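The lines below spell out each chain.
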Amino acid sequence: MASIKEYKVKTVDNIKERLDGARAIVLVDYKGINVEEVNKLRGNFRSEQVDYFISKNTWIKIALNQMGITSLDDYLKGPTGVIVSKSDEVAPARIVKKFKETELDKKEFFSFKVGLISGDVYLANQLIQLAVMPSKEELMAQVLRGINAPASGVVGVVSGVMSALVRAVDAVAKQKAE
């Protein structure tokens with residue numbers, strides 16, 4: 001049987017493994033959310049390849065500190081859920097905001113504490129602002145539409161000019177033929 005110390009070391013190592021390579025780590029206060037709601041939220045996270053877990057603040061802090069992250073220490077108080085995304089920096093905030101609006105009817109519980117996104121600390125109000133931003137894929141599509149729009153316009157103008165030129169040449173040819 002493993003000792004308590006071995007159990008704690010394994011728990012911290014497990015947390016570090018879940019946090020390793022994270023582009024976004026968001027801490028939330030999960031009080032007031034029931035098991036059914038948590039399960040639904042976990043499903044939303046899974047569908048976006050986002051990890052969500054709850055652990056003791058002490059173990060989370062030890063894991064973060066061992067990874068060289070101390071900027072979240074002051075926020076590890078009270079009930080803390082950890083949301084980790086290794087691909088989309090905005091996904092955790094977007095999912096939580098949408099979940100609160102659709103499932104929790106904008107209740108004040110289950111709230112952001114802080115986030116660490118690409119190495120920068122985001123406070124709760126900044127995470128809310130971030131949540132309304134489109135995803136990377138949506139932004140890329142908007143950029144491509146913006147780039148393609150002028151090209152489409154140019155093609156339309158050139159096509160129109162060419163059509164007018166063809167009609168003019170055709171009219172001149174008909175006039176000369178008469």
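These remarks concern the structure in this document. The model shown is predicted, which means the values in this text are computed figures rather than measured ones.

How each quantity is defined
Residues numbered from 1 in each chain as written. Predicted model: local features only at pLDDT ≥ 70, side-chain atom pairs only at ≥ 80, totals over all residues. Heavy atoms only, no water. Helix = DSSP H or I, 4+ residues; strand = E, 2+ residues; numbered from the N terminus. Buried < 20%, exposed > 50% of the residue type's maximum accessible area, 1.4 Å probe, protein only. Contact = heavy atoms within 4.5 Å. Areas by Shrake-Rupley, 256 points an atom, 1.4 Å probe, with all protein chains shown as cover. Pairing = 2+ DSSP bridges. Patch = residues over 30% accessible without salt bridge, like charges linked within 9 Å, V, L, I, M, F, W, Y side chains within 5 Å. Salt bridge = Lys/Arg side-chain N within 4 Å of Asp/Glu carboxyl O. Phe/Tyr/Trp six-rings, centres within 6.5 Å; stacked < 30°, edge-to-face > 60°. Lys NZ or Arg CZ within 6 Å of the ring centre and 35° of its normal. Expected span 1.5 Å × (residues − 1).

Within the chain, the regular secondary structure consists of six helices and five strands. Scanning the chain from its N terminus toward the C terminus, one meets helices and strands in the order α-β-α-β-α-β-α-β-β-α-α. Counting across all 178 residues of the chain, residues that qualify as buried make up 32%. Of all intrachain contacts in the chain linking residues separated by at least 6 positions in sequence, the fraction that spans at least 24 positions is 77%. For the chain, the exposed area adds up to about 11200 Å²; of that, 57% sits on carbon and sulfur atoms.

Here four bridges tie strand 4 (residues 111-117) to strand 5 (residues 120-123), and the two strands are oriented antiparallel to one another. Following the sheet pairing, Leu116 is matched in strand 5 by Val121. Here strand 4 folds back onto strand 5, and the loop between the two strands holds two residues, one of which, Ser118, carries a positive phi near 50 degrees.

A cluster of nonpolar residues, Val143, Leu144 and Ile147, forms a patch on the protein surface that exposes about 290 Å² of accessible area. Here Val143 shows up in helix 6 (residues 136-177).

A separate point is the packing of aromatic side chains. This structure, assessed with the given rule, holds two aromatic pairs. Measuring from centroid to centroid gives 5.8 Å for Tyr7 and Trp59, while their planes differ by 75 degrees, and the two rings are edge-to-face. Note that Tyr7 is positioned in helix 1 (residues 4-19) and Trp59 in helix 3 (residues 57-66), a separation of 52 residues in sequence. Of note, Lys56 hangs over the ring of Trp59, and the distance from its end group to the ring centre comes to 5.2 Å.

Turning our eyes to something else, we now look at helix 4 (residues 91-102). With twelve residues, helix 4 ought to run about 16 Å at 1.5 Å a step, and its terminal C-alpha atoms sit 16 Å apart, in line with that. Buried-residue contacts for helix 4 involve strand 1 (24-29), helix 2 (35-47), strand 2 (50-54), strand 3 (81-85), strand 4 and helix 5 (124-131).

Most of strand 1 sits out of view: six of its six residues are buried. Covered by surrounding structure in strand 1 are Ala24, Val26 and Val28 together with Ile25, Leu27 and Asp29, the residues of both alternating faces. As paired elements, strand 1 and strand 3 share five bridges and run antiparallel to each other. Following the sheet pairing, Ala24 is matched in strand 3 by Ser85. Examined bridge by bridge, strand 1 and strand 4 share six bridges and lie antiparallel to one another. Counted as the bridge partner of Leu27 is Val114 from strand 4.

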